[in-house]
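Single-letter residue listing:
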Amino acid sequence: MKTVAILTGGGDCPGLNPAIYGATKYAIKNGIKVLGIIEGWKGMLERDFIVLNEDSISDIMGQGGTILGTSRTNPFSREGGAATVKDTFETLSINGLLTAGGDDTLGVSAKLSEMGLPIVGIPKTMDNDLLGTDFTFGFDSAATVAIDAVMRLRDTAKSHRRVMVLEVMGRHAGWVGLYAGLGGYADYTLIPERDLNWGELIEAVESAHKKRKHAIVVVSEGVKLSESNGTEFDEFGHENLAKRDVGQRVADTIAKKTGLVTRSAKLGHIERGGPPTLFDRILGLRSGVTAMRWLIEGKTGVMTAMQRNEIIEVPLSIVAQGNRNVGQDWVELLEVIE
Ligand code: F6P
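Residues numbered from 1 in each chain as written. Predicted model: local features only at pLDDT ≥ 70, side-chain atom pairs only at ≥ 80, totals over all residues. Heavy atoms only, no water.

**Observations regarding the sheet that holds strand E7 (residues 188–190)**
- With parallel pairing, the 4 strands of this open sheet are ordered in space as E7-E8-E6-E9. A single partner strand is all that each edge strand has here, and the edge strands are E7 and strand E9 (262–266). The average angle at which neighbouring strand axes cross in this sheet is 15 degrees, direction not considered.
- Of the pairings in the sheet, the one linking E7 to strand E8 (residues 215–220) comprises 3 bridges and is parallel in character. Following the sheet pairing, threonine 189 is matched in E8 by valine 218. (Pairing = 2+ DSSP bridges. Helix = DSSP H or I, 4+ residues; strand = E, 2+ residues; numbered from the N terminus. Axes fitted to C-alpha atoms, helices over the stretch in contact; angles between N-to-C directions.)

This is the structure we're talking about:
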């Protein structure tokens, strides 16, 4: 093996740069050249890359985002896309590819590896919803920002005797909402895995406000309040959930039903930026190094899953089987603190 490539696809998140750092360091130590593919699968289609060396990665461990750039490009939704990716392997003499991504990027990786391309996946997503792995990097950093936001909103809610509603990201699963609600001891937390019960929510808000003259509600963007009214979809067919404004709509309903003064805040992409937490740095680093080692050893079609704090091999095909959602035991934990 002489040349390997690495790409980052889908939504960015803290931890990607530590993964690039680890993978590149390991390859260089083993005498292998590393190409950094620009903006995910788009770079594989357009043959856009840089050469990664000690200089280009020297200071990236503590940086958020990804130095390679990313996109939500799907080669399978473009005419001849998969064949172009295959050609890029040959043209650039790539002997193996590392793909850091969520279900979309890894889903594409699974299909391409079934077609014979040597690929090892690195799971990442702030949503923390990938099957086969206990945690993905990006999640700890995002949830830490979300808890900080809850505490800031609590200060202003207290001062104005208001109800504050915080909307956080989470496309299919409510992990960020759950951890923000638990860690920030919200009065009510609404996530996709919890049945929508307005009576229960209003009661929790009214009782908290009666006791402490303020209340905090956390809402995950993935919650369905009514039929989707989204208008924007990406190449993987995903709706732009931010446009549904669930936080504002929950705040409006609370104000209408309780007469309390209510405000909402949407955290959005603020959760995805900023430096990786210690947990995400170490997980990113371990994942990058392990993925590169496996690729050099000739492994393909697998991803670096984390189970019980070990990095283990899981088939890439697992991501096509669905999402890892919040279990009812977690919802019961929420009920204890509300
Ligand atoms: O990467 C997952 C995610 O952060 C979701 O939680 C969110 O719905 C989506 O990305 C937002 O995507 P974009 O950055 O394309 O607006």
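**A few points about the packing of helix H7 (residues 175–183) against helix H11 (residues 328–337)**
- In contact at an axis separation of 10 Å, H7 and H11 are set at 30 degrees when each is read in the N-to-C sense. One way to sum up the angle between H7 and H11 is to call them roughly parallel. Seen from above, H7 lies across H11 with left-handed handedness. Seen from H7, the contacting residues are Trp175, Leu178, Tyr179, Gly181 and Leu182; seen from H11, they are Trp330, Leu333, Leu334 and Ile337.
- Along the lines of polarity and charge, the residues of the contact of H7 with H11 split into 8 nonpolar, 1 polar and no charged. (Parallel < 35°, antiparallel > 145°, perpendicular 65-115°, else oblique. Left-handed = near helix turned anticlockwise from the far one by under 90°. Contact = heavy atoms within 4.5 Å. Nonpolar A, V, L, I, M, F, W, Y, C, P; charged D, E, K, R; others polar.)

**Section: the site of the ligand**
- In the vicinity of the ligand, the residues found are Gly11, Arg72, Met126, Asp127, Met169, Gly170, Arg171, Glu221, His269 and Arg272.
- Measuring from an oxygen atom of the ligand, one finds a side-chain N or O atom of arginine 72 at 2.9 Å.
- Taking glutamate 221, its side chain carries an N or O atom lying 2.5 Å from an oxygen atom of the ligand.
- Considered on its own, the ligand offers 410 Å² of accessible surface; in the complex 81% of this is hidden by protein.
- Its residues assigned to classes, the shell around the ligand comprises 2 nonpolar, 3 polar and 5 charged.
- When residues are assigned to domains, the shell around the ligand turns out to be shared by domain 1 (3–137 + 276–321) and domain 2 (142–272), each giving three or more. (Near = heavy atom within 4 Å. Polar contact = N/O pair within 3.5 Å; in protein donor to acceptor, adjacent residues only side chain to side chain. Areas by Shrake-Rupley, 256 points an atom, 1.4 Å probe, with all protein chains shown as cover. Domains from an automatic or database assignment.)

**Description of the domain arrangement of the chain**
- Assigned domains of the chain: these are domain 1 (3–137 + 276–321) and domain 2 (142–272).
- Facing the 18 residues of domain 1 at the interface are 16 residues of domain 2.
- Here domain 1 and domain 2 share an interface that buries about 1,500 Å² over both sides, 51% of which is from carbon and sulfur atoms.
- The largest per-residue losses of area from domain 1 upon contact with domain 2 belong to Arg72, Asp104 and Met126, which jointly make up 40% of the total buried on that side.
- For the interface between domain 1 and domain 2, the tally reads 2 salt bridges. (Buried area = accessible area lost by both parts, 1.4 Å probe. Salt bridge = Lys/Arg side-chain N within 4 Å of Asp/Glu carboxyl O.)

**Structural notes on a nonpolar patch on the surface**
- Taken together, the side chains of Met151, Tyr185, Leu333, Val336 and Ile337 define a hydrophobic patch exposed on the protein surface, amounting to about 450 Å² of accessible area.
- With 3 residues, H11 is the single largest residue contributor to the nonpolar patch.
- Residue position: tyrosine 185 is located in the loop between H7 and E7.
- Relative accessible area serves as the criterion here: at 42%, tyrosine 185 is assigned to the partly exposed category. (Patch = residues over 30% accessible without salt bridge, like charges linked within 9 Å, V, L, I, M, F, W, Y side chains within 5 Å. Buried < 20%, exposed > 50% of the residue type's maximum accessible area, 1.4 Å probe, protein only.)

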